[in-house]
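Next come the chains, spelled out residue by residue.
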Amino acid sequence: MIAAILSLTLLGAALGLLLGIAGRYLAVEGNPLNAEVEALLPGTNCGQCGFPGCAGAAAAIIDNLAPATCCPPGGKAVAAAIAERIGLALDLSGVADQGPQIATVSEEICIGCCRCLKVCPTDAIVGAAKQIHNVLREACTGCAACIERCPTEAMSMRPVPVTLQHWVWPKPAFA
Amino acid sequence: MGFMERFVSKLGSHWGVHPDDRKRPAADAPVRRMPMPARLYVPLLQHIGTAARPTVLVGQQVLKGQPVAEPQGMVSAAIHAPTSGTVVAIGEIAAPHPSGLPLAAVTIEADGEDRWADLVGASDPFAIDPLEIGKRVARAGVVGMGGAAFPSAVKLTGSLRAKIATLIVNGGECEPYLSCDDRLMRDRAAEVVDGIRIALHATGARVALVGIEDNKPEAIAAMSRAAEAYGEIKVKPVPARYPMGSEKQLILTLTGREVPATGRPSDVGVLVHNVGTLVAVREAIRFGRPLVSRLITLNGGAMRAPGNIEVPIGALVEEVVAFANGFKEAPARLLMGGPMMGMQLPDLRVPVVKGTSGILALGAAEVAEREPAPCIRCGSCVRACPVGLLPLEMAHRIASADFSGAVGLGLKDCIACGCCAYVCPARIPLVQYFNHARGELAARERAKLRAEAARKLAAARAERIEREAREKAEAAARRKAERDAARKAAAPATTTEEATA
Amino acid sequence: MSQIRASDLIASPHAHDGGSVGLTMRRVMYALTPATLFGLWLYGWPAINLFLVTVASCLVFEFASQRLMGRRASLGDGSALLSGWLLALTLPPWAPWWIGVVGGLIAIVVGKQVFGGLGQNLFNPAMVARVALLVSFPVVMTQWVAPQPLTAPASPGFVAGMRITLTSPPLPDAIASASLLGHAKTELSRGVDLLHAFAAPGAPTPSAAGMRAGSLGEGAALLIVAGGLYLFFAGVIGWQIPVAVLAGIAVPAAIAHGIDPARHLGAAEHLLSGAALLGAFFIATDYVTSPNTAAGQLIFGLGVGLLTWIIRGWGGYPEGMAFAVLLMNALTPVIDRYVKPRILGRRRDGRELAPVQS
């Protein structure tokens, strides 16, 4: 009886000590997932998700404060990648992904104020003072930061037209 | 199939399927030639690779065979005017593709004269340097005519470099309904053989094996006769089994060699060309004629007069069908290509392109009903798959959006031949699942590249802003220092030298 | 420029070989018909009643559970009918009506619909039901009758048959009979060796024609083999599972019998008794619960055969086919995970083949 109690107590103490040591020496500073998820996000810090930059969004997603689908420019693709990385079941069929969008300038309204190009996180808008601006299609991430800045509402978001090369077969509807 | 054959075929593990070929009577009807339509819509992208760049202007007069667009990049093909006339537009036409999305095209109004441009042929192709043959084939815009439409010149010169030993001539034509290659071999066997000899010369291959499915005895006979005089060309009948005309399956059957999964035929010392392509190569070398027309099969239960027709590239399907006396019943499904891998057409106002092997108008009786049942895991698809995949497992993963799982099962090795869906008793659209997954994966890949580019741009911008701020601060500091110095200089003149040093 | 509506978009292939789930199920039923008719003739009206009750209850439970789940009823595909049919063939021919009803309930609801319906079940529904019945009602499920052909004077008429099915009176000794496997097991447990047990008058003998005591449809060996061959030639089943199951039983049986004929039945006795043939051709070959690849099917079949032989020899029950099938069903996902076909241009481990230089 005494032997049993003693041995169990010893066992408990030894294991507890081991755990304590392991906890101290094998501790990981910060969540390594944060950096990985941040790498999956567009990295333009556009702020559309409502968190401070992509790092903030990554932390929020991991802490379950935001859904994996919180990044509008990233769309379905980024959401799926994040969900896969953090092992989250994600029903993407419900995500309203209007497809990738880019900003466009209505040339007849643009007054060449240069405000939009200052806020563009990827320098995708080109133009000079009193000259009509234009958006570089390849560089625009569709973050929509410029839309608010335009004093004449010359900026608008338009979906990127689907081309033959980018067309995707729909998933079979049945079964 | 006889009883014993059936027994033996059931014992072994055999890839592929045996669809009812339905090639006759269309295959036995004589070839007709379509008169030149009033307008031709010549797409700039009729091949695998980058679209060609137009080299003509609207309003310009062109002659038949004159280039209207030049290749761009490594893998691309030139496009030529299929007839003489005027370029009336460089705009868009619905692509012969189920999406019905637009495709850039040069519209030519025929002048009715059908006058050829000046062409440079060669009376002795075997005196031309092999590399030069490749260049001339490229100039003629020849692409693979079996359906994939890969630029032929790229294959020819690549094979010359890889020192291939065997040229395989694909006369398999395993797709049901289609008979344009069959017809070509029956009617123009001598030209095919001449094309084979030119290709042998261009690639340095020593032997040519002509693989023809044994359901085309006339073609086998005609080709054997034509090739008799040339010991290096051997006609090899192969069993009629779909997809025998698929490159890797034909190589395996004829040479016993297996092309590595992501490799090319040249990895096993082989080059494969379709018979139609070789005739186009011959035309390009002997007469300098670019690829501006092709033989296509019109077939299907709804077609009034099935048969093979010589059609200029860019002719609308609508006009081709009208030339063949139209439909005898409303087609239940319109296809470009064969029933196994062909594409559904949105409507008839799409152009015939270089890779068009046939136009099928299937009647209601020929179209498989679509009422998918749940998968009963019967494994028919596993037995039918010519690549050795597990189609049911792949589709199952794709259905739950697990694309990487599907890739792990070999999605990228799938050749989309359709054997699995052809035999599926539950009629699950397996190929559509695979197409969908591939499209999604490609879209994700593109999105990733875009995101990376955006990240770089954002970093560059951040750096620029920082640099500008730093430079501004430095400039301000400098100005301040200068001002201070000037002030000091104004007071005691002796310190001026120190401040400006 | 017209667009095809997304719902009308159809990817290739646009041709089909004409097969369907319903056709496959119907072919299995055609193959079962001769052996079934023979069984019904052999055991008379009570067997006919039991067969109808079992099949009907499977259909009713299928319909009810699909209704309950708000799904479209799919009785047309014939899968519930076939499950009921197979279950009935493995029941004692004079079993009371409620055996059929409870069996149908277990097969369809517990064995199939709970998993998600057709194609989703892990275990063969008919075997789940049979094993559940055997474990719950061991006495009723092992009461065999000597053949009473419908045409024989001793065969109960329609009314008498109804009484047997509805009230299940105790069987008269003249009718009750032991199955071959049951006889062997009982005698061995009494210490009588097999040589003496089968030398005794009245001992059951193996019969290829099926004139023996046993489950409703498992007896007619020749008719079952004929049905199996039809399925093979119609392309419904491969040769792998039946051959492997029969080899898995026969090979160890022959070896053990050769070593000690007093304790082990021979290969012929094993193959011709119990549900060996019915199981090999019709039950182990169930698509949903067997592996997809030829190699996997061989492993699966050998496993079923070997386990059957082991259970028959050393288990608590004289017959082991149902248990063996269920055990191997449980292994099917594992087999499917590890046994995959080789991809063209790749080695078995998935690595790419090396280029060959000419």
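Predicted model, so just to flag it, every value in this text is computed and none were measured.

Procedures and definitions
Residues numbered from 1 in each chain as written. Chains lettered and ligands numbered in written order. Predicted model: local features only at pLDDT ≥ 70, side-chain atom pairs only at ≥ 80, totals over all residues. Heavy atoms only, no water. Helix = DSSP H or I, 4+ residues; strand = E, 2+ residues; numbered from the N terminus. Buried < 20%, exposed > 50% of the residue type's maximum accessible area, 1.4 Å probe, protein only. Contact = heavy atoms within 4.5 Å. Areas by Shrake-Rupley, 256 points an atom, 1.4 Å probe, with all protein chains shown as cover. Lys, Arg positive; Asp, Glu negative; His and termini not counted. Charge placed at Lys NZ, Arg CZ, Asp CG, Glu CD. Domains from an automatic or database assignment. Buried area = accessible area lost by both parts, 1.4 Å probe. Salt bridge = Lys/Arg side-chain N within 4 Å of Asp/Glu carboxyl O. Polar contact = N/O pair within 3.5 Å; in protein donor to acceptor, adjacent residues only side chain to side chain. Nonpolar A, V, L, I, M, F, W, Y, C, P; charged D, E, K, R; others polar. Patch = residues over 30% accessible without salt bridge, like charges linked within 9 Å, V, L, I, M, F, W, Y side chains within 5 Å. Disulfide = S-S within 2.5 Å. Core = buried A, V, L, I, M, F, W, Y, C linked by side-chain atoms within 4.5 Å. Pairing = 2+ DSSP bridges. Axes fitted to C-alpha atoms, helices over the stretch in contact; angles between N-to-C directions. Phe/Tyr/Trp six-rings, centres within 6.5 Å; stacked < 30°, edge-to-face > 60°. Lys NZ or Arg CZ within 6 Å of the ring centre and 35° of its normal. Expected span 1.5 Å × (residues − 1). pLDDT = per-residue confidence, 0-100.

**Q** Hey, could you run me through the overall build of chain C in this one?
**A** The number of helices and strands found in chain C is 13 helices and 2 strands. Along the longest, intermediate and shortest principal axes, the C-alpha atoms of chain C span 80 × 55 × 30 Å. Taking all 358 residues of chain C together, the buried fraction comes to 53%. Once local pairs closer than 6 in sequence are excluded, the contacts in chain C between residues at least 24 apart make up 76%. Roughly 14900 Å² of accessible area belongs to chain C as shown, and the carbon and sulfur atoms make up 68% of that amount. Side-chain charges of chain C comprise 21 positive and 15 negative groups, with the mean position of each set lying 7 Å from the other.

**Q** Explanation requested: the domain arrangement of chain A in the structure shown.
**A** As a measure of interface size, the accessible area lost when the parts come together is often cited. Residue and element names in this part refer to chain A. Domain parsing of chain A yields domain 1 (32-94) and domain 2 (101-159). For domain 1 and domain 2, the distance between their C-alpha centres works out to 25 Å. Contact between domain 1 and domain 2 buries roughly 380 Å² in total, counting both sides, with carbon and sulfur atoms accounting for 64%. Seen at the junction of domain 1 and domain 2, the total is 0 salt bridges. Where domain 1 packs against domain 2, one counts 0 residue pairs in polar contact (both at pLDDT 80 or more). Looking at the side of domain 1 that touches domain 2 residue by residue, the classes come out as 2 nonpolar, 2 polar and no charged.

**Q** Even after reading the chapter, I still don't get a nonpolar patch on the surface, so can you show me in this structure?
**A** Where nonpolar side chains cluster on the molecular surface, the patch consists of Leu8, Leu11, Leu15 and Leu18 of chain A and spans about 430 Å² of accessible area. Topologically, Leu11 of chain A is positioned in helix α1 (residues 2-25).

**Q** Would you explain the interface of chain B and chain C in this entry?
**A** Each partner contributes residues to the interface: chain B has 73 residues there, and chain C has 48 residues. Three residues, Glu258, Ile376 and Arg377 of chain B, lead the burial of chain B against chain C; their summed loss comes to 14% of the area buried on that side. Remark: the boundary between chain B and chain C carries 3 salt bridges. For Asp336 of chain C, the salt bridge goes to Arg377 of chain B, with nearest N and O atoms at 2.8 Å. Here chain B is connected to chain C by 23 residue pairs in polar contact (both at pLDDT 80 or more). Among the elements that make up the side of chain B that touches chain C, the one with the highest residue count is helix α1 (residues 3-11) of chain B (5 residues). Taken together, the residues of the side of chain B that touches chain C break down into 43 nonpolar, 15 polar and 15 charged.

**Q** When you look at a positive patch on the surface in this model, what are you seeing that I'm missing?
**A** Residues Arg478, Arg479, Lys480 and Arg483 of chain B make up a contiguous surface patch of positive charge. As for its position among the elements, Arg479 of chain B is in helix α14 (residues 430-490).

**Q** How should I be thinking about the side chain of Ser155 of chain C in this particular structure?
**A** Residue and element names in this part refer to chain C. Along the polypeptide, Ser155 turns up in the loop between β1 (144-145) and α5 (158-167). With a relative accessible area of 12%, Ser155 lands in the buried category. Non-local contacts of Ser155, meaning those with residues more than four positions away in its chain, are made with Gly44, Gln148, Pro149 and Leu150.

**Q** Hey, could you run me through the pattern of salt bridges in this one?
**A** Two side chains that carry opposite charge are able to pair once their charged atoms sit near each other. Here the structure, examined in full by the defined rule, presents 40 salt bridges over all chains. Linking Asp123 of chain A and Arg464 of chain B is a salt bridge whose minimum nitrogen-to-oxygen distance equals 2.4 Å. Linking Asp123 of chain A in the loop between α5 (115-119) and β2 (125-126) with Arg464 of chain B in helix α14, this pair reaches from one chain into another. By sharing partners, the salt bridges in this structure join Arg188, Glu191, Asp194, Arg282, Glu283, Arg286 and Arg289 of chain B into a single network.

**Q** Looking at this structure, how should I read the state of the cysteines?
**A** Disulfides are covalent bonds that connect the sulfur atoms of two cysteines. Tallied over the full model, the rule gives 0 disulfides over all chains. With no disulfide of its own, Cys180 of chain B lies 12 Å from the sulfur of Cys174 of chain B, the closest cysteine sulfur.

**Q** Would you explain the nonpolar core in this entry?
**A** For soluble globular proteins, the rule of thumb is that nonpolar side chains tend to be buried together. Ranked by internal contacts, the top residues of the largest apolar core, which has 106 residues, are Leu430 and Phe434 of chain B together with Leu32 and Phe282 of chain C. Per-element accounting of this core gives the leading share, 16 residues, to helix α1 (residues 21-68) of chain C. Residues within four places of Phe434 of chain B in sequence aside, it is in contact with Pro391, Met394, Ala395, Ile398, Leu411, Cys414 and Cys420 of chain B. In this structure, Ile198, Ala205, Val235 and Ile285 of chain B belong to the second largest nonpolar core, which totals 47 residues.

**Q** Quick question: what am I supposed to make of the interface of chain B and chain A here?
**A** Chain B puts 32 residues into the contact, and the matching count from chain A is 36 residues. For the pair chain B and chain A, the two sides together bury roughly 2800 Å², of which 59% comes from carbon and sulfur. Linking chain B with chain A are 2 salt bridges, by the criterion used here. Those elements that provide at least two residues to the side of chain B that touches chain A are α11 (391-399) and α14 of chain B. At 17 residues, the largest contribution of residues to the side of chain B that touches chain A is made by α14 of chain B. Grouping the constituent residues of the side of chain B that touches chain A by class yields 16 nonpolar, 8 polar and 8 charged.

**Q** I would appreciate a short explanation of the pairing of strand β10 (residues 207-213) of chain B in the present structure.
**A** On any regular strand, side chains alternate: one points to one face of the sheet, the next to the other face. Residue and element names in this part refer to chain B. Within β10, 6 of the 7 residues are buried, leaving the element largely enclosed by the surrounding structure. Bridging between strand β9 (residues 166-171) and β10 involves 6 bridges; their strand directions are parallel. Bridge pairing links Leu167 to Ala208 in β10. Examined bridge by bridge, β10 and strand β11 (residues 233-238) share 6 bridges and lie parallel to one another. Residue pairing across strands places Gly211 opposite Lys236, the latter belonging to β11.

**Q** Help me understand the sheet that holds strand β16 (residues 343-344) of chain B in this model?
**A** Two orientations exist for strands paired in a sheet by backbone hydrogen bonds: parallel and antiparallel. All names here are of chain B. In spatial order, the strands read β1-β14-β13-β17-β15-β16; together these 6 strands make up an open sheet with mixed pairing. On the outer flanks of this sheet lie β1 (32-33) and β16, each paired with one strand and no other. The sheet contact formed by strand β15 (residues 333-336) and strand β17 (residues 358-362) spans 4 bridges and is antiparallel. Opposite Leu335, over in β17, you have Leu360 as the bridge partner. Set on the sheet, helix α4 (residues 180-187) makes contact with β13 (293-299) and β14 (307-312); between it and β13 the angle comes to about 120°.

**Q** Would you explain the packing of aromatic side chains in this entry?
**A** Each aromatic ring pair is described using two quantities: the centre-to-centre distance and the angle formed by the ring planes. Throughout the structure, instances matching the rule amount to 8 aromatic pairs over all chains. Look at Trp45 of chain C and Phe158 of chain C: their rings are 5.0 Å apart centre to centre, the planes differ by 85°, and that puts the pair in the edge-to-face class. With Trp45 of chain C in helix α1 and Phe158 of chain C in helix α5, this residue pair connects regions lying 113 residues apart in the sequence. Their ring planes at 75° and their centres at 5.0 Å tell us that Trp98 of chain C and Phe137 of chain C sit as a pair that is edge-to-face. Of this pair, Trp98 of chain C sits in helix α3 (residues 97-110) while Phe137 of chain C sits in the loop between α4 (125-136) and β1, and the two are 39 residues apart along the sequence. Among the residues examined, Phe137 of chain C registers a relative accessible area of 29% and is labelled partly exposed. Over the ring of Trp116 of chain B we find Arg289 of chain B, and its NZ or CZ is 5.8 Å from the ring centre. For the cation-ring pair, Arg289 of chain B lies above Phe287 of chain B, with the distance from its terminal atom to the ring centre recorded as 4.6 Å.

**Q** Would you explain helix α9 (residues 240-259) of chain C in this entry?
**A** Residue pairs three or four apart in sequence face the same way in an α-helix, which turns once every 3.6 residues. Residue and element names in this part refer to chain C. Compared with the 28 Å implied by 1.5 Å per residue over 20 residues, the 28 Å span of α9 between its first and last C-alpha is a close match. Every buried residue of α9 is accounted for by Gln240, Ile241, Pro242, Ala244, Val245, Leu246, Gly248, Ile249, Ala250, Pro252, Ala253 and Ala256. Where the residues of α9 are buried, they touch α10 (267-272), α11 (276-283), α12 (294-314) and α13 (321-338).

**Q** For this particular structure, what's the right way to read the confidence of the model for chain A?
**A** Parts of the prediction with low pLDDT should not have their coordinates interpreted in detail. Model confidence for chain A is summarised by a mean pLDDT of 81, while 91% of its residues fall at 70 or above. The least confident element of chain A is helix α4 (residues 75-85) of chain A, whose mean pLDDT is 78; the most confident is α1 of chain A, at 92.

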